[in-house]
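The lines below spell out each chain.
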Amino acid sequence: MRLIQKLLDFVRTYFALLVVFAVFLWSAWVIATYRAQQAPPGSIVIRLGHWQLEASVREGLDEMARDYQKLHPNVVIIQDAIPEGTYGQWVSTQLMGGTAPDIMQVGAMLPDNIWLSYYNRYFQPLSRYVNTPNPHNAGTDIADVPLRRTFKDGMKTAYVAEMQEYMSVPLSQFGVRIFYNKDLLKKLTGLDVAPLDYREFLAVCQKIQSVTNPTSGQPYIPIAGSAYHFGHWDGMMFSPVTYGCFRRADFNRDGFVGNDETFVAFKTGQLDFLYPPLACWLKMLREVTGYFQTGYTGLGRDEAVFLFAQQRAVFMTTGTWDARSLQEQAKGQFEVGIMDFPIPARDDPVYGGVVEGRIYETPGAGFRFGISRTSKNFDVALDFLLFLASQRGNEKLNRIIGWIPAIVGTELDPLLQAFEPHLEGIYGNINFNLGGNTAVTWGQIYSLYQVNQISFEDFATRFTEYYLQNGLKDFLEQQRDWRRGMQRNEQYLAGIRGRAILADEAAAAATDPAAKAAAELDAASAWVRYRAITSSRQIWGELNHARQLDLITRDHLPADYVAPYEYSPAVLTKIRERIRAEVAP
Amino acid sequence: MADLIKRLGVALLAGALAAGGSACGKKNATGGDVATLISEAWTKYRLSEFQDAQLTFEAARASAQPGSDAWAMATYGLATTWDLRRPGEDPKLATKLYQEILTNAPASPMIPWTELALARQKHLVPVGQEPDYAAVHKAYQHIMDAFPGHLAAKEAFLYQESIELAKLEEASTRAAVKRLNQFVQSDSTEFTGPAWSLLAVAHTTLKNPAGRLHAEQKSFELTEVDPADPFVEFAWAYWNLATIAEFEVGDFDLARHYYNKLLEAYPNDIRVYGCKQALARMDALEAQIRAEEEGR
């Protein structure tokens, strides 16, 4: 009786502590039994963490895990699908706590410098495997091709230049196109397929806008837009119109117009907003966004998706990442079509002389996975990643997900044919971002122009005035810490130099001829790397800065100035003399 | 019972605090021979684990015989860590350690690299300050004079000429051209490519397009490539050579050669459209001039 009383007193006194202890025990038991259920005793468990909550991604990875298990029955692959919003924190705690999954999706949801430090500390470099064939490609036409050559982009996105190492394996490519409601388009315009010609596209938008939606009593919305979607339209359709600016402003003739070159071109009168590529860019922007719903700049991605899903809008841009889920949402309600961005015809009276073709799309791969250093089964984790990156595996994975395969020789899902990247074309060639207040002013005035609150003339006058008065100051401020970059390079180079000196010492110390030869080769390679990086990064800092300052402070161009892509009289004379000699009897 | 639990709790708390306190104490790297410690320390440096690198270099330095090559290497690593780590750098301590190497291990193979590090300290001053260029020049010149043929001396030479060319003045550029021309005559290929590249810049300043094209071609021929780096590609080099040949020298055959090289080797490059435009542009100009000449 006394004992019971004592026990009751004890429970009363330490009730909170006991509850915490009990909950801890219960959690530990649940986790232990859950994991035991997932992984039978004796099996090798590979955990894979990612932020893709789309059902098709989880389904795709599960299916590939089942396929892999047929080859390796003792391997169990378990996914940890973490929401985008918390992935960064989750990755950080898992890596720092030493409990990270074997395989983790990398490269986003955290700033680049954080990923760099994580790669350094917590991930296994994969460089030694990229120059050997992928064993899972046996029996295919790329059986003997080194792994990195089997990727459409040469595995560029997997390479971390700061570390000089390949740190991940990318599995998919992405692109942006226009999705449209085929049934609604047919109903409102009579067309089966959306037009790819710019003028015809505008006419279709006009026609859609003229029909009243019986449900809402409002006109139908031709294009579902938002601040998020505007980026797609601008990047894929409007900005590329500025391509031709290089002819006047690419002073160093590298093919691109930088922020310093844009500023000098404006200051010296080589460019202004009346220059056709710039005027047409802004004109097209206004023409197309005129068919977005009112107030689109204040809306987010989801609002636009609702309009499209509720059949109140006909067109909407989105990427491969949404293709499958949009199709699923529309199932049973309407048919989804995918089209490329419309472009003006070569004989278009306004744009014909300016828009030279379709946009160039970089064939870079994403959906990248690295292997954590704490993985107890590195070889198995790597083999599973290679399985996913094999020609057959990558094609199947991406077919299930609805994305574009990253490996050469793979077939694209018919739904995604329109996403095939354009590997030849034009690109945006203007950059007004000088930082500071110039960038803020650009943002303000550009936003007002987007929503039709100021005219083109007002936009051009107001921004040009501010830009010319304040641009130089902001540029100089932006460039003030240019030496910091050189210091970062110096830190990095010292590490490479240390490695090379050690490699020299190892070569000198080696006694066995074969080992000595290998060590000498390693040392030579380390020094080549050191010299290559010193040459490309560190020698030019001072010189590039001086040349950039020389350019940006110019108020006038020389009297005999010739635009970068025009021939000087001397060159023309030389060519004429050569041809004259050729045609002379 | 309650008393017992209290005592147990206090003991656990004290144990946890003691364990935490010991973890916060000064760490020491122990174990391993000097060579292994130095190798481990450099690995930690490359992984940006600067505190561990510092402790391991210190352990290696303490284990090595003062003045020996291993001691010099450990001290150099320690000095480099204090010099270049961010945050937590201590450049004054780094300078002191570099000086110790010069004093105590004058025959060490690390001497040229130590001298280069001291020169770089003078050159890479903190943001907002301007280097004392006379002192920088003197430091680089000292390395070139004291260690002719050493890689550190060649690197010092390139930094020095880069400073001279950055003045963008005719007189200093002409003087740099003389020295660079002498440098590229050497049999060694070490840093010869970038020296040609600096010559190309010099010829740009001097408005000598033929000289620039020649220097760019030589630089391209002598480029050293890290075979593992997928970003090392020659698309930019082909474009650069082609546009110089087309617009500055008027050598259309050479321009076509390089534009075509880019198209063949890098069919997915962003400049492919520009290359095709350039080839068409040259054809059109030649056809126009030919028609004019034939009609004369």
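The rules behind each value
- Residues numbered from 1 in each chain as written.
- Chains lettered and ligands numbered in written order.
- Predicted model: local features only at pLDDT ≥ 70, side-chain atom pairs only at ≥ 80, totals over all residues.
- Heavy atoms only, no water.
- Contact = heavy atoms within 4.5 Å.
- Buried area = accessible area lost by both parts, 1.4 Å probe.
- Salt bridge = Lys/Arg side-chain N within 4 Å of Asp/Glu carboxyl O.
- Polar contact = N/O pair within 3.5 Å; in protein donor to acceptor, adjacent residues only side chain to side chain.
- Helix = DSSP H or I, 4+ residues; strand = E, 2+ residues; numbered from the N terminus.
- Buried < 20%, exposed > 50% of the residue type's maximum accessible area, 1.4 Å probe, protein only.
- Arc of directions from axis to C-beta.
- Domains from an automatic or database assignment.
- Nonpolar A, V, L, I, M, F, W, Y, C, P; charged D, E, K, R; others polar.

1. With respect to the interface of chain B and chain A
Often, the extent of an interface is quoted as the loss of accessible area upon association of its parts.
Logical step 1: Facing 86 residues of chain B, the contacting portion of chain A comprises 70 residues.
Logical step 2: Around 7300 Å² of area is buried between chain B and chain A when both sides are counted, 59% of it from carbon and sulfur atoms.
Logical step 3: On the chain B side of the contact with chain A, Phe247, Ile270 and Tyr273 of chain B bury the most area, a combined 10% of that side's loss.
Logical step 4: Joining chain B to chain A, the criterion identifies 11 salt bridges.
Logical step 5: The closest approach of N and O atoms between Glu49 of chain B and Arg121 of chain A, which form a salt bridge, is 3.3 Å.
Logical step 6: Counting across the interface, chain B meets chain A through 26 residue pairs in polar contact (both at pLDDT 80 or more).
Logical step 7: Sorting the residues of the side of chain B that touches chain A by element identifies α1 (2-24), α2 (34-46), α4 (69-84), α6 (111-123), α8 (151-166), α10 (192-205), α12 (235-249) and α14 (272-294) of chain B as the ones contributing at least two each.
Logical step 8: At 14 residues, the largest contribution of residues to the side of chain B that touches chain A is made by α14 of chain B.

2. Some details on helix α7 (residues 182-189) of chain A
Residue and element names in this part refer to chain A.
Logical step 1: Among all positions in α7, only Leu184, Leu185, Leu188 and Thr189 are buried. Buried residues in α7, looked at end-on, bunch into an arc of 100°, giving them a common side.
Logical step 2: If you follow the buried residues of α7, they end up packed against β7 (176-181), α8 (198-209) and β9 (313-319).
Logical step 3: Between the side-chain oxygen at the start of α7 and the backbone nitrogen of Asp183 there is a gap of 3.2 Å, and the oxygen is on Asn181.
Logical step 4: Directly after α7, the chain includes Gly190, whose backbone phi takes a positive value near 80°.

3. Notes on the side chain of Thr438 of chain A
Residues and elements named next belong to chain A.
Logical step 1: The residue Thr438 is located in helix α17 (residues 436-450) in this model.
Logical step 2: Using a relative accessible area of 0% as the deciding quantity, one classes Thr438 as buried.
Logical step 3: Side chain to side chain, Thr438 and Asp474 meet in a polar contact 2.4 Å long.
Logical step 4: Not counting residues within four places of it along the chain, the set of residues in contact with Thr438 comprises Phe432, Phe463, Tyr466, Tyr467, Asn470, Gly471 and Asp474.

4. Section: the pattern of salt bridges
Logical step 1: By the definition in use, this model includes 46 salt bridges over all chains.
Logical step 2: The shortest N-O distance in the salt bridge between Glu395 of chain A and Arg399 of chain A comes to 3.9 Å. Separated by 4 residues within a single helix, Glu395 of chain A and Arg399 of chain A lie in helix α16 (residues 391-401), roughly one turn from each other.
Logical step 3: A salt bridge links Arg281 of chain B to Glu246 of chain B, with the nearest nitrogen and oxygen atoms 2.9 Å apart. Taken as a pair, Arg281 of chain B in helix α14 and Glu246 of chain B in helix α12 lie far apart in primary sequence, 35 residues in all.
Logical step 4: The buried category is assigned to Glu246 of chain B, whose relative accessible area is 0%.
Logical step 5: Each of the salt bridges in this network shares a partner with another, and the network as a whole consists of Arg578 and Glu582 of chain A together with Asp253, Arg256, Asp283, Glu286 and Arg290 of chain B.

5. Let's talk about the domain arrangement of chain A
Residues and elements named next belong to chain A.
Logical step 1: In terms of domains, chain A is made up of domain 1 (1-38), domain 2 (43-174 + 364-419), domain 3 (176-339), domain 4 (436-479) and domain 5 (482-552).
Logical step 2: When each unit is reduced to the centre of its C-alpha atoms, the spacing between domain 2 and domain 5 is 30 Å.
Logical step 3: Counting residues at the interface gives 5 residues for domain 2, matched by 6 residues for domain 5.
Logical step 4: Here domain 2 and domain 5 share 0 salt bridges between them.
Logical step 5: Inspection of the region where domain 2 meets domain 5 yields 0 residue pairs in polar contact (both at pLDDT 80 or more).

6. Some words on the domain arrangement of chain B
All names here are of chain B.
Logical step 1: Parsing chain B into structural domains produces domain 1 (167-224) and domain 2 (231-288).
Logical step 2: If you average the C-alpha positions of domain 1 and of domain 2, the two centres end up 22 Å apart.
Logical step 3: Contacts between domain 1 and domain 2 engage 8 residues on the former and 11 residues on the latter.
Logical step 4: Both faces combined, the contact of domain 1 with domain 2 buries some 900 Å², and carbon together with sulfur accounts for 73% of it.
Logical step 5: Linking domain 1 with domain 2 are 1 salt bridge.
Logical step 6: For Arg212, the salt bridge identified is with Glu248, shortest N-O distance 2.8 Å.
Logical step 7: Taken together, domain 1 and domain 2 are joined by 3 residue pairs in polar contact (both at pLDDT 80 or more).
Logical step 8: Here the residues of the side of domain 1 that touches domain 2 are counted per class, giving 4 nonpolar, 2 polar and 2 charged.

7. Observations regarding the side chain of His136 of chain A
All names here are of chain A.
Logical step 1: Structurally, His136 is set in the loop between α6 (127-130) and β4 (159-160).
Logical step 2: By relative accessible area, His136 is classed as buried at 17%.
Logical step 3: Looking at His136, its side chain comes within polar contact range of the side chain of Asp383, at 3.0 Å.
Logical step 4: Sequence-distant contacts of His136, that is, excluding residues within four places in its chain, are made with Tyr68, Asp383, Leu386, Phe387, Ser390 and Arg392.

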